[in-house]
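Structural features, examined
Listed here are the chains, written in short residue letters.
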Amino acid sequence: MYVRKKRRLKAEINVVPYIDVMLVLLVIFMVTTPLITQGVKVELPKSAAEPIKQMQDGKTPLVATVDQDGLYYFEKDGKQQGPFTAMELTVEVASWLTIEPGTQVIVKGDRKVSYDAVIRLINVLKAAGAPAVGLMTDNVDSN
């Protein structure tokens, strides 16, 4: 008579399929992550926002304006100066920011001005040392 030997059970987990899945996921995340992280941080204005009168520490904001002709103006404490070239505006804003660091800088653009002119103004303000730049809009009710 034939006697069967009892085989011992092998209690191991085959991890090769899990490693394959992990490597596929790694490749997918490596490809998609650069696509997700590109972009520009933008703080959009809210329609119910209150008008800016003074900052909390009592400083009035610095307002840089570009008109429909592409000329730059500068307003601080209710006094408007200009027109300036981009280089002159950089010097003026940089001097104000050295005197009063942490002053809020706001861009005011004419409705008819091109998007490129507003972006150039933001770049001028960044070159002058503005840590952040806000955008000024009209109230929704005032057309």
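Residues numbered from 1 in each chain as written. Predicted model: local features only at pLDDT ≥ 70, side-chain atom pairs only at ≥ 80, totals over all residues. Heavy atoms only, no water.

Going by what an unreviewed UniProt entry lists, the protein chain is known as Tol-Pal system protein TolR and is assigned to Rheinheimera maricola. Reading the Sequence similarities (unreviewed entry) entry of the UniProt record for the protein chain gives the comment "Belongs to the ExbD/TolR family." Comment text from UniProt for the protein chain, heading Subunit (unreviewed entry), reads "The Tol-Pal system is composed of five core proteins: the inner membrane proteins TolA, TolQ and TolR, the periplasmic protein TolB and the outer membrane protein Pal. They form a network linking the inner and outer membranes and the peptidoglycan layer." (UniProt positions renumbered as here; feature names shortened; annotations may be inferred.)

For a regular strand, the rule is simple: side chains alternate between the two faces of the sheet. Among the five residues in strand β2 (residues 72-76), four count as buried, and that is most of the element. One ladder, built from four bridges, connects strand β1 (residues 62-66) with β2; its direction is antiparallel. The partner of A64 across the bridge, within β2, is F74. Where β2 folds back onto strand β3 (residues 79-84) in an antiparallel hairpin, the turn is made up of two residues, including D77, whose phi is positive at roughly 55°. (Buried < 20%, exposed > 50% of the residue type's maximum accessible area, 1.4 Å probe, protein only. Helix = DSSP H or I, 4+ residues; strand = E, 2+ residues; numbered from the N terminus. Pairing = 2+ DSSP bridges.)

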